[in-house]
Amino acid sequence: MRTAGLFLCLLAALLVLTLWAMTVGSSDISLPRALQALIAPGDERADIVIRSVRLPRVIAALSAGAALAVAGAIMQAVTGNPLAEPGLLGVNAGASFAVILAISLAGVTAGGALVWAAFAGAALAAVAVYLLGSAGRGGATPLKLVLAGVVISTFLGSVGMAVLVLDAQTLDVVRMWSAGSLKNREMAQILPVLPWLATALIAAIAVRDQFTALSLGADTARGLGQNPLLWRLISGLLVVGLAGGAVAIAGPLGFVGLVVPHIVRLLVGPDYRLILPFAVLGGAGLALLADSLPRAVLATDMPLGITMALIGAPFFIWLANTRSEANA
């Protein structure tokens, strides 16, 4: 009952936050007027702003945040690494790099095509990180996977930046997107990606009990009758789908998949049957709040990627110090 009540409270808070985000921007639009624009839109300026500018932005923040939070939780379960998340393990960088190449070399701009590029880049980066992290003695330890993720992310980021420097036209297209900005997002860019994200989220929620067994280690998982190799493969496919879709919608957002699963575990414990549904709400809420708060408080449109870095970097330092003290 306590968990169900907490979930309903968070769901209600997310709904309130979503409605509030509709009223935040360069022009003042009251909540009743925003609701009217959503339910019975007209041709006035407020209706156009709500439906063409703010609604796509809110949907992008909610969907990308939920996907990255769930992807981070799955990666932490599979790797046994509390610092794992799509950004730290190179998945975001791979998806971002593939999108840059698709725009630069093939002239692709449609959201439906970019999502395939993001999926492919995320998958290749994940394989590269795992192979690099598995090299040498001891196999794929949590520390080696993080180091491999940093190497792959740095390499792909550098090459991607070189492409943008040499291709001014592509730079103009992706410069705000690469910073995780949701400004000027359009429904035509978002709608082709949403079915893939929804499918990956539903699949992850449907098999969430398997992640609890994986989080206990391979030996324990086998003892519980699970095939760890098979479920690691399935988990990798889910992470690629979630992170690739999120990057296609919102650009490379860091720290959402790191911060949210840890906060959720503090609230509901280590059971992934609870962690994943709560991560959906937490990731969606954190991304939307981080996108809306600068416009409400500072009256400036700060890219979501920058805001998340300001939130996530101190949390990452605190988490790393906490883990170091616990292992001392």
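Rules used throughout
Residues numbered from 1 in each chain as written. Predicted model: local features only at pLDDT ≥ 70, side-chain atom pairs only at ≥ 80, totals over all residues. Heavy atoms only, no water. Patch = residues over 30% accessible without salt bridge, like charges linked within 9 Å, V, L, I, M, F, W, Y side chains within 5 Å. Areas by Shrake-Rupley, 256 points an atom, 1.4 Å probe, with all protein chains shown as cover. Salt bridge = Lys/Arg side-chain N within 4 Å of Asp/Glu carboxyl O. Helix = DSSP H or I, 4+ residues; strand = E, 2+ residues; numbered from the N terminus. Buried < 20%, exposed > 50% of the residue type's maximum accessible area, 1.4 Å probe, protein only. Phe/Tyr/Trp six-rings, centres within 6.5 Å; stacked < 30°, edge-to-face > 60°. Core = buried A, V, L, I, M, F, W, Y, C linked by side-chain atoms within 4.5 Å. Contact = heavy atoms within 4.5 Å.

Caption draft 1: Expanded view of a nonpolar patch on the surface. A contiguous nonpolar surface patch, about 450 Å² in accessible area, is contributed by Trp20, Leu289, Leu293, Val297 and Leu298. The greatest single-element share of the nonpolar patch, amounting to three residues, is contributed by helix α14 (residues 272–297). With relative accessibility at 34%, the residue Leu289 sits in the partly exposed group.

Caption draft 2: Structural detail: the pattern of salt bridges. Going through the model one piece at a time under the given rule, you end up with seven salt bridges. In this structure, the salt-bridge partner of Glu44 is Arg33, at a minimum N-O distance of 3.1 Å. Here Arg33 lies in helix α2 (residues 31–39) and Glu44 lies in the loop between α2 and α3 (45–79), a separation of 11 residues in the sequence. Given a relative accessible area of 17%, Arg33 falls into the buried group. We note a salt bridge from Asp219 to Arg222, for which the minimum N-O separation is 3.2 Å.

Caption draft 3: Local environment of the packing of aromatic side chains. All chains considered together, the criterion is met by four aromatic pairs. When the ring of Phe7 is compared with that of Phe278, the centres are 5.3 Å apart and the planes differ by 80°; the resulting orientation is edge-to-face. One end of the pair, Phe7, is in helix α1 (residues 2–23); the other, Phe278, is in helix α14, with 271 residues separating them in the sequence. Overall, the relative accessible area of 26% leaves Phe7 in the partly exposed class. The class for Phe278 is buried, based on a relative accessible area of 3%. With a centroid separation of 6.2 Å and an interplanar angle of 80°, the aromatic rings of Phe119 and Trp196 are classed as edge-to-face. With a gap of 77 residues between them, Phe119 in helix α5 (residues 111–134) and Trp196 in helix α9 (residues 194–206) connect regions that are remote in the sequence. Given the relative accessible area of 12%, Phe119 is considered buried. Exposure remark for Trp196: the relative accessible area of 38% places this residue in the partly exposed category. Counting every residue linked through ring pairs, the aromatic cluster contains Trp116, Phe119 and Trp196.

Caption draft 4: Just the nonpolar core, in detail. Counting 99 residues, the largest nonpolar core has Val70, Ile74, Phe211, Leu242 and Leu276 as the members making the most contacts within it. For this core, the leading source of residues is α3, giving 19 residues. Leave out the neighbours within four places in its chain, and Leu242 touches Ala67, Val70, Ala71, Ile74, Leu197, Ala200 and Leu201.

Caption draft 5: Up close: the side chain of Ser292. Mapping Ser292 onto the fold places it in helix α14. Ser292 gets classed as buried once you look at its relative accessible area, which sits at 0%. For Ser292, the contacting residues outside a window of four places in its chain are Trp20, Ala21 and Val24.

So, to be careful, I would describe these as geometric facts and stop short of saying anything about function.
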